[in-house]
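Notes for the structure review
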Amino acid sequence: MPFGDKLENQNPTLYLKSADRFIIDQDYDDSIVDEFDQREIFDLIRNINDPEHPLTLEQLHVVQPELITVENEKNNVHINFTPTIPHCSMATLIGLSIRVKLLRCLPARFKVQVEVTPGTHNAASQVNKQLADKERVAAALENSHLIKVINQCIENKKRG
Amino acid sequence: MENNDLDTTVLESLTKENDIYIGISKNFAKDVLLSQLKILDVIQKLQCLLLSESVPKRDMGVLILSTTLQNLEQHVLNAQELSVLSSYFIEKLKDHHQVASSALKGVLSLVLFNDEIPKESVIDLVSCIFQHITCQQQQQPHRYLIYEIFETVLKQHLNAVESMGIDFVYGVISSIDGERDPKNLIYLFSWLQRFLKTVKLGHLSEEMFDVLSCYFPVDFKAPPSNNTVAREDLAKGLGACLTATPDFGELAISLALEKLDSTLRIAKEDSLGLLRMGCKNFDYETYYKYSIELWSQIQKEIFSNSDIELRHYCLETLMEIIRKLSLGDEKNFENLIYDITDTLQGNLLPESKLFLQSFYILNSVAKASSSSSLIIIKKILPLLENTFKMATSHRASILNVVVELVKTTIQHEGNSHRIPEEISCCYNLFCQTINDPDQNLCVEGYKGLSAILSCIPHDALLVQLKNLSELLSASLPDKVKEAVLGYFYNIAKTYPEETRHLLENDVTPLDTISHVRYLESLDSIVMLPNFKVYVMEVNMKCSLNNIKGLKHLNELLTKNCDGSLVKILIEKDFLNSLMEQLQNHKTCLENNYLQAVRLLISAIVREQEAESQSEVYSLYSNRNFELQTVNVAALSGLIVPLRRGVFSDYSKIGYLLENLKISDEIFIKETCAEVIGNLLNKITDELVLEENLCHLSALCINCETEIKILLTSWISRALVTRNHPKASLWIDNMIAILEGNLEAAKGFKILLNDSNRSISKENFCEIMPLYKQKVFHYCINKFNETRENSEAHLNAVGYLLEDVSKIVLLSIFQKALRLILQIMERSQNYKVLKVILQRITDFIQNGEQVIEDNLDDILTRILKLTTFNASMSVRIAALRCLHQMVVSYKVYKLLPMKFMVIEQLGICVDDRKRLVRIEAMECRSSWFLLDAPI
């Protein structure tokens, strides 16, 4: 456990994992262009691990497909995430993990915005501000302790 | 060296490090055996050593004498001699400790003389060891020797052991107490079992148990290099010793209970093993005494432990214990089972967390004995039925529990009349569920019916059968179909007459699709002796009517390839009916149909002996069908599976060639070329082959390219597989055609690919071992001769790579590398590229050095292929390859390339296909994490 030895949320509610995306014949047709969609972004971040529990963000409903917006032509991706409790001190860390994962995996053309779902966190505006500030994100990533924790969250133990 | 030349100096110069003394001992033994020497003479000759004051010399003397005795056979020495020798060795055991160790060897040889050696001498020898040799102070080999002496005495001198009584037990206990060497222990455990069973331990049984139980549970990790002793062997041996005699019963069970409570997994595993093994030798009363503790402890373990394997052990152990208890007092046993059911019945609500585990326990208890299963059925089944009726969810799980319990009881009772009425009552329950819309429930219902088949009343069964026969042709979900067929199989097996009658009288007309479904359902009973012929008759009829039936028959024959089904076809003269049917075709036929006909004829002819094959061939080969395609299909079906030496009608080659040349049908062309290949492979007369080859090569020069490619490829395959000297010539031809002809590369696919069965062992062709290796080496060398290869050449290499084995490719990887790199750079053939990328991924996965050595060259080419525009499968294969590198290779090897790869993958994550993007994203992520702190 990265911070302290007491769990903030000792008994989080667990949700079922959604099934893998169904692959249709169209997906194998090289001539059809597949646009980026909600589900694709969701698949990217659903397996990020929670910093506190050995569970994924999907299992805790921190990220949900409905809270993701993709505008392919405008090159915008907007993600709302929901901390499990309103005073969660990990919110910024979770937000950062999502940002870093998308930074590494999405094409550079996309502008990624990660924000707390409105009304789900006490310090939502502060967290949002931190996550939106490029300088602060870059500075955070240079903190060796922090980047270690983020890498642990992102590391995908299971393929697919 | 002859022992006659032995003098004092030679003897005195001997050392233990030098093996010469063994030779001397052997010579002595030989002389004694040939009666040239007496044992007394040997001792006299060794006088200078045996009487020496120096310890090493005395030691050497005793060693030579011991080794001599070891090499003697039985009956050579008489009782008196042995008695004297024994007294002598007793003295030597009391001598200096160095001499005593060598004397042990002699003692072992002496006790091995089982008939002649007097009992008293054995007792004296053993007593002397007990008194004068402190076993645990000896070195490991000497301790082993002492145990060997004990074992031999136990095995061959039981009367001596009996007269020694408790002294022997005491001696053994004190000798083995504290043994630490695993090799010695494994030996000890192997013979102590017999010791414990034959010798009365008396008041020493607790001491003996203590000496052994200190090793329990065996916590021993064998060093990786030394694989002679495994923990499991030690644990097994120890377990067998601890349970060898009923005297240990109480001690062993308390020990097991104590260790079962520990947190160590090994301790739990061994304790359960001990309890299981104890069931063989311990008394029923012992188990009964501890039954309450045993039950509560095992139950706790099953409920609380998350280790599936351990839970399984617990259940097995519980079953063994209950089985043991069932042998004792009936009343007590019943009470115990009632206790168990009372404890568990509260858990049998599907919402309960312990539902499944409780069921497993009950099922294990039921499996243990017939009476326990009856009690459980009577007590639990009505309860479960009620729960099932009331439940709104998890109904299938409850029904599954019912079915499993019923199965267990039926297994115990068989067809006996003791089957309780509770089981018969289940019939209605199962009947209701088979019509339920919930598939899982339906499946369980059929499984239940299968289980209680013997209890279903006959009338009801006939109705069931009627309903089932309708389901055979119906479209059902896969799992329901499987359950229905399982039930149908069981009925057909148990009531063949009724089933047969019903099937034969069922005349419901069916459309083609339903008919095929019906045939597929019948497949489930085709191997039942009563139905074999019937099912085959139905299949034959159907296959003459439509192509689906024909295909199905082929599948059936491939699935059940023991030949018995084909025999039925032969007996019924199906080939004739099929030929008649073919005669009726007037219009153009699909290739599928023709292939199916070909396969079916081949399957029938293949099973026959040479003589019958020859008859069949002459009977049908000259039939003239209206359609040329049918002619070729039938002829190829007849020729391909012929045994070697049967075919002699060489005029047919001309006929095939003629067809090959003039036909426009691709089926005819391919088939004719295949058949010619098959024939050439099987020609045994070298001259005939030579003549045919000459003719064919002349023909190849003038014909069209397409035909030339087909013919050359098949002829080459025919020759390379039989390792013919002309093969290389034909491969050269193939390479020559490659010039300016992209299509020709496909010929190389034919050359090594085994998926087309025309030239294969099952069709009696000659397939030499290692032919692929030879062809591959030859081709790679040839291709390497040219500096700049055309794309056709490169594709040909790609096709060869697909079928060559990994070891062969690795052996000449350096030679092939240049070509592989060229393919990756220049080829546009996605199939070839995919094959190569998959092979490289495979090599990376297995950590082959060859890729690592050329990492730079290969990696840059793979990177280029990640944006291969023409095929997404190539892009995906390339990305997987890159990902595998991160998994398999050391970080420092890849680090120099990291930024180049990440940059390139930045393009791939914006690929137009989502499946490619997923791979690219994962791959890029893993490259980012390559050296990242985690």
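Since the structure is predicted, the reported quantities are computational estimates derived from the model, not experimental observations. (Residues numbered from 1 in each chain as written. Chains lettered and ligands numbered in written order. Predicted model: local features only at pLDDT ≥ 70, side-chain atom pairs only at ≥ 80, totals over all residues. Heavy atoms only, no water.)

This part is about the overall build of chain A. Secondary structure assignment for chain A yields five helices and three strands. Counting helices and strands in the order they occur from the N terminus, chain A gives α-β-β-α-β-α-α-α. At 16 Å, chain A has a C-alpha radius of gyration in line with the 15 Å of a compact globule built from 160 residues. Looking at the 160 residues of chain A, the share that counts as buried comes to 46%. Within chain A, counting contacts between residues at least 6 apart in sequence, those at least 24 apart form 67% of the total. Total accessible area computed for chain A in this model is approximately 8800 Å², and 52% of it derives from carbon and sulfur atoms. Taken together, the 18 basic and 23 acidic charged side chains of chain A have centroids lying 6 Å from each other. (Helix = DSSP H or I, 4+ residues; strand = E, 2+ residues; numbered from the N terminus. Rg over C-alpha atoms; globule rule 2.2 N^0.38 Å. Buried < 20%, exposed > 50% of the residue type's maximum accessible area, 1.4 Å probe, protein only. Contact = heavy atoms within 4.5 Å. Areas by Shrake-Rupley, 256 points an atom, 1.4 Å probe, with all protein chains shown as cover. Lys, Arg positive; Asp, Glu negative; His and termini not counted. Charge placed at Lys NZ, Arg CZ, Asp CG, Glu CD.)

With that out of the way, let us pick up the state of the cysteines. Residues and elements named next belong to chain B. Counted by the stated rule, this structure contains zero disulfides over all chains. Summary of cysteine pairing: C672 is not part of a disulfide, and the nearest cysteine sulfur, belonging to C703, is at 13 Å. C908 forms no disulfide, and the closest cysteine sulfur to it belongs to C923, at a distance of 8.2 Å. Residue C908 is classed as buried on the basis of its relative accessible area of 1%. (Disulfide = S-S within 2.5 Å.)

In this section: the domain arrangement of chain B. Residue and element names in this part refer to chain B. The assigned domain composition of chain B is domain 1 (1–73), domain 2 (679–827) and domain 3 (836–934). For domain 2 and domain 3, the distance between their C-alpha centres works out to 32 Å. Every contact between the two is made by 15 residues of domain 2 and, on the other side, 18 residues of domain 3. Taking both partners together, domain 2 and domain 3 bury about 1500 Å²; carbon and sulfur atoms supply 68% of that area. When the buried area of domain 2 at its contact with domain 3 is split by residue, K806, F813 and M824 rank highest and sum to 40% of it. Across the domain 2-domain 3 interface, the total number found is two salt bridges. Between E848 and K806 there is a salt bridge whose closest N-O contact spans 3.5 Å. Secondary structure elements with two or more residues in the side of domain 2 that touches domain 3: α45 (806–811) and α46 (813–826). Ranked by residue count, the leading element in the side of domain 2 that touches domain 3 is α46, at eight residues. When the residues that make up the side of domain 2 that touches domain 3 are grouped by side-chain class, the tally is ten nonpolar, three polar and two charged. (Domains from an automatic or database assignment. Buried area = accessible area lost by both parts, 1.4 Å probe. Salt bridge = Lys/Arg side-chain N within 4 Å of Asp/Glu carboxyl O. Nonpolar A, V, L, I, M, F, W, Y, C, P; charged D, E, K, R; others polar.)

With 379 residues, the main nonpolar core has A:I98, B:F195, B:F748 and B:W927 as its most contacted residues. The biggest single contributor to this core is helix α50 (residues 872–888) of chain B, with ten residues. Each residue touching B:W927, except ones within four places of it in the same chain, is listed here: B:L882, B:M885, B:V886, B:L894, B:M897, B:K898, B:V901, B:I902 and B:L905. (Core = buried A, V, L, I, M, F, W, Y, C linked by side-chain atoms within 4.5 Å.)

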